[in-house]
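# Summary of structural features
The chain contents come next:
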Amino acid sequence: MAGFAATCALAHPGLTDDKVVQHTAHHAMGDAATAFLATLDDDQRKLLVTTLDDEAARTDWSNLPSSMYPRTGLPLSALDDRQRIAFHNLMAAAMSGQGYAEATTIMWIDDLLRGIESERLAKGEVPEDRRAQAEAVMQSRGSGNYWLRFFGEPASARWGWMINGHHFAASFTVVDGRIAFTPLFLGSNPQIVQSGPYAGWRVLDHEMVDGFALFASLDAVQRATALVGPEVTADIFTGKGAKDAPRAALGLSADHMTPDQRERLMELIADFVGFANNDAAKAQLAAVRADGPANIRLAWWGSPDDRGKRFMYRIASPSILIEYTREGQPDGSPSNHVHAIVRDPRNDYGEDWLRRHYTEAPHP
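First, a word on scope: everything that follows refers to the structure included in this document.

Calculation notes
Residues numbered from 1 in each chain as written. Predicted model: local features only at pLDDT ≥ 70, side-chain atom pairs only at ≥ 80, totals over all residues. Heavy atoms only, no water. Phe/Tyr/Trp six-rings, centres within 6.5 Å; stacked < 30°, edge-to-face > 60°. Buried < 20%, exposed > 50% of the residue type's maximum accessible area, 1.4 Å probe, protein only. Helix = DSSP H or I, 4+ residues; strand = E, 2+ residues; numbered from the N terminus. Core = buried A, V, L, I, M, F, W, Y, C linked by side-chain atoms within 4.5 Å. Contact = heavy atoms within 4.5 Å. Salt bridge = Lys/Arg side-chain N within 4 Å of Asp/Glu carboxyl O. 1 Å grid on protein atoms, 1.4 Å probe; cavity = no way out; pocket = protein on both sides within 12 Å on 5 of 7 lines; lining within 4 Å. Points joined across faces, edges and corners; volume = space filled by probe spheres on them. Nonpolar A, V, L, I, M, F, W, Y, C, P; charged D, E, K, R; others polar. Polar contact = N/O pair within 3.5 Å; in protein donor to acceptor, adjacent residues only side chain to side chain. Expected span 1.5 Å × (residues − 1). Axes fitted to C-alpha atoms, helices over the stretch in contact; angles between N-to-C directions. Parallel < 35°, antiparallel > 145°, perpendicular 65-115°, else oblique. Left-handed = near helix turned anticlockwise from the far one by under 90°.

The next point concerns the packing of aromatic side chains. Tallying each qualifying case throughout the model produces 22 aromatic pairs. The interplanar angle of 45 degrees and the centroid separation of 6.1 Å between the aromatic rings of F150 and W159 together place this pair among those described as tilted. As far as the burial class goes, F150 and W159 line up, both buried. Ring plane angle 80 degrees and centroid distance 6.3 Å describe the contact between F185 and F237, whose orientation is recorded as edge-to-face. Here the residue F185 occupies a position in strand β7 (residues 184-188), and F237 occupies one in the loop between β8 (227-229) and β9 (252-253), the gap between them amounting to 52 residues. Exposure remark for F185: the relative accessible area of 2% places this residue in the buried category.

Attention now goes to the nonpolar core. Among the nonpolar cores identified, the biggest contains 72 residues, and F87, W161, I163, F168, F172 and I269 are the most heavily contacted of them. Beyond its immediate chain neighbours, meaning those up to four positions away, W161 contacts M29, F87, L90, M91, A94, R149, F150, F151, A170, S171 and F172.

With an omega of 5 degrees, the peptide bond between T182 and P183 qualifies as cis. Summarising the element assignment, P183 is placed in the loop between β6 (178-180) and β7. Here N189 and P190 are connected by a cis peptide whose omega angle stands at 5 degrees. Even without a glycine there, the phi angle at Y349 is positive, about 60 degrees.

Quick look at the pattern of salt bridges now. Using the criterion set out here, one finds 15 salt bridges in the structure. Where R202 meets D205, a salt bridge forms, and the shortest distance between an N and an O atom there is 3.8 Å. Residue classification places R202 among the partly exposed positions, given a relative accessible area of 43%. The salt bridge partner of R289 is E263, with a shortest N-O separation of 3.3 Å. Placement of R289 in helix α11 (residues 278-291) and of E263 in helix α10 (residues 259-273) is noted, with a sequence separation of 26 residues between them. Put simply, R343, D348 and E360 are held in one network by salt bridges that share partners.

Time to look at empty space enclosed by the protein. Counted under the stated rule, the structure contains one cavity of 30 Å³ or more. Lining the largest cavity, in full, are W61, M162, A169, A170, S171, P183, L184 and F185. Listing elements by their share of the lining of the largest cavity, those giving two or more residues are β5 (168-175) and β7. Among the residues making up the lining of the largest cavity, the classes are represented as seven nonpolar, one polar and no charged.

Structurally, S96 is set in the loop between α5 (81-94) and α6 (97-122). For S96, the side chain forms a polar contact with the main-chain oxygen of G274, separated by 2.5 Å. If we ignore the near neighbours within four places in the chain, the residues touching S96 are G274, F275, A276, N277 and N278.

This part is about α11. An ideal rise of 1.5 Å per residue puts 20 Å on 14 residues; α11 measures up with 20 Å between its terminal C-alpha atoms. Of the residues making up α11, those classed as buried are A280, A281, A283, Q284, L285, A286, V288 and D291. The positive-phi residue at the C-terminal boundary of α11 is G292, with phi of around 90 degrees.

In this section: the packing of α6 against helix α7 (residues 131-139). Their axes nearest at 9 Å, the elements α6 and α7 cross at an angle of 155 degrees. Put simply, α6 runs roughly antiparallel to α7. When the axes of α6 and α7 are compared, the crossing they make is left-handed. Contacts from R114, E117, S118 and L121 in α6 reach R131, A134, E135, V137, M138 and Q139 in α7. Tallied by class, the residues present in the contact of α6 with α7 amount to four nonpolar, two polar and four charged.

One way to put it is that α5 packs onto α6 with a least axis distance of 9 Å and a crossing angle of 135 degrees. Viewed along their axes, α5 and α6 adopt a mutual orientation that is oblique. Here α5 contributes H88, M91 and A92 to the contact with α6, which in turn contributes Y100, A103, T104 and M107. Looking at the contact of α5 with α6, its residues break down into five nonpolar, two polar and no charged.

Here it is in structure tokens:
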């Protein structure tokens, strides 16, 4: 993503330029959405489509399996092959090649996780008093257990759509030719497949490797400032329902980094922002650069040197909030379960462009 970051350094964040740049992406996504809608019957459309004013639906997402957080909308499992292909055309139009690959790999690993958990149940490795819950969770895994919602009609100037399920939730909003793509939640368990024919396959890896490389480039004084906590606790990850919680400015500001370190930081931001199609990502990265180095901070919790131990880092500015955490495994084996989130404190759900304020209830 270094080339992308360098290109974005030349981008102009002006509103007029944004509209011109994103015009093509807006129409490509709208055309793909219209084509997908045309494949649905009336009952499917009723499940899928609500209004752009439906705040409850627009903020109704979670990274939990559906057995723990029931979804509304149209599930992918209800689509036939023709409809699935049309939907994947929409995903490809909304996301970059990198973003599409990460999203579909996350969904595929959910199929893999279902197989792993099914095998554990079949082998009797789950205690009897937990089998019913484990069976329900296992059944809610898989690439079919992702739900779609549309907000408004793609032919209009203002509309949006969302996909959400276990370990993947993405919200796209179009406002007068501009595209907002937050909130965005990405995760995977396992992050790196450990056995079988797919051993070594992985997702969300550059985001981890580049984060550790940035921290490793810091000198002792910088590291002491960036490392704000020795452990990762459940309350520090933003996730669902914490958008409006006040956040103190923590960690090392980019104006206390060298030029090379600042560029590494922007490249790390680009790893996440580059999930969206190039036009939307370019505009978002330009907004982050416009925040200025003094307003961009890197904070780290947990181990900064061992990827097998639990850690989390946060990058925060007025225009971006990125968090990445690698969780410990229940059996005490090295961490191999990741969660990441990308939010725009000013414009989640396109709220700044729509001049609305969306509130969220935390998931259970």
